[in-house]
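# Commentary on secondary and tertiary structure
This is what each chain is made of:
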Amino acid sequence: MFLKTMTEPIIANDEGVNVKPELMEKEKLYHCIYKDKVILVYKDHQDFLNCYEIEETDLVQAIKSGSSQNIDSILEEYIENTDLKSK
């Protein structure tokens with residue numbers, strides 16, 4: 001019997017970040033940590049990939065330690081607390 005292993009849409013390793021858009025759901029935010037940065041990848045309804053890199057130390061640490069909270073909540077909380085909406 002052949003067992004197929006699950007593959008993640010975005011993976012970081014020593015050589016960099018690997019993105020597999022064919023495994024991504026549309027309109028869903030994916031992330032990984034690479035060299036103290038958070039890499040965000042989003043596939044929109046037209047199948048365009050949108051990629052963002054976050055270097056803000058406080059936000060990176062919040063995402064690293066926020067295992068009980070989803071990434072969307074952490075980002076929304078950060079935006080509210082730093083008043084980024086008005087900038």
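So, a few notes on the structure that sits alongside this text.

Basis of the calculations
Residues numbered from 1 in each chain as written. Predicted model: local features only at pLDDT ≥ 70, side-chain atom pairs only at ≥ 80, totals over all residues. Heavy atoms only, no water. Helix = DSSP H or I, 4+ residues; strand = E, 2+ residues; numbered from the N terminus. Salt bridge = Lys/Arg side-chain N within 4 Å of Asp/Glu carboxyl O. Pairing = 2+ DSSP bridges. Expected span 1.5 Å × (residues − 1). Contact = heavy atoms within 4.5 Å. Polar contact = N/O pair within 3.5 Å; in protein donor to acceptor, adjacent residues only side chain to side chain. Buried < 20%, exposed > 50% of the residue type's maximum accessible area, 1.4 Å probe, protein only. Core = buried A, V, L, I, M, F, W, Y, C linked by side-chain atoms within 4.5 Å.

## Overview of unusual backbone geometry
Phi at Glu27 takes a positive value of approximately 65 degrees, unusual for a residue other than glycine. Inspection of the secondary structure assignment puts Glu27 in the loop between β2 (16–19) and β3 (29–34). For Lys35, which is not a glycine, the phi torsion comes out positive at approximately 50 degrees. Along the chain, Lys35 falls in the loop between β3 and β4 (37–43).

## Considering the pattern of salt bridges
For the structure shown, the criterion picks out 5 salt bridges. The salt bridge involving Asp36 is made with Lys64; its shortest N-O contact spans 2.9 Å. With Asp36 in the loop between β3 and β4 and Lys64 in helix α1 (residues 57–65), this residue pair connects regions lying 28 residues apart in the sequence. Residue Glu55 is joined to Lys37 by a salt bridge in which the shortest nitrogen-to-oxygen separation is 3.3 Å. Of this pair, Glu55 sits in the loop between β5 (49–54) and α1 while Lys37 is found in strand β4, placing the two residues 18 residues apart along the sequence.

## Side note on the pairing of β2
Pairing between strand β1 (residues 10–13) and β2: 4 bridges, direction antiparallel. Its bridge partner lying in β2, Ile10 is registered against Val19. Counting the residues between successive antiparallel strands, the hairpin from β1 to β2 contains 2 residues.

## Re helix α2 (residues 71–82)
Here α2 is 12 residues long and its end C-alpha atoms lie 16 Å apart, about the 16 Å a rise of 1.5 Å per residue gives. Where α2 is buried, its residues meet β3, β4, β5 and α1. With a side-chain oxygen positioned 3.1 Å from the backbone nitrogen of Asp72, the residue opening α2 is Asn70. Positive backbone phi, approximately 55 degrees, marks Asp83, located one or two places after α2.

## Here we look at the environment of Leu23
Counting through the fold element by element, Leu23 comes out in the loop between β2 and β3. For Leu23, a relative accessible area of 38% corresponds to the partly exposed category. Among all residues touching Leu23, those that are not within four sequence positions of it are Thr7, Glu8, Pro9 and Tyr30.

## Some points on the nonpolar core
Ranked by size, the top nonpolar core spans 9 residues in total: Val38, Leu40, Ile54, Leu59, Val60, Ile63, Ile71, Ile74 and Leu75. Those elements that provide at least two residues to this core are β4, α1 and α2. Beyond its immediate stretch of four places on either side in the chain, Val38 contacts His31, Cys32, Ile33, Tyr52, Glu53, Ile54, Val60 and Ile63.

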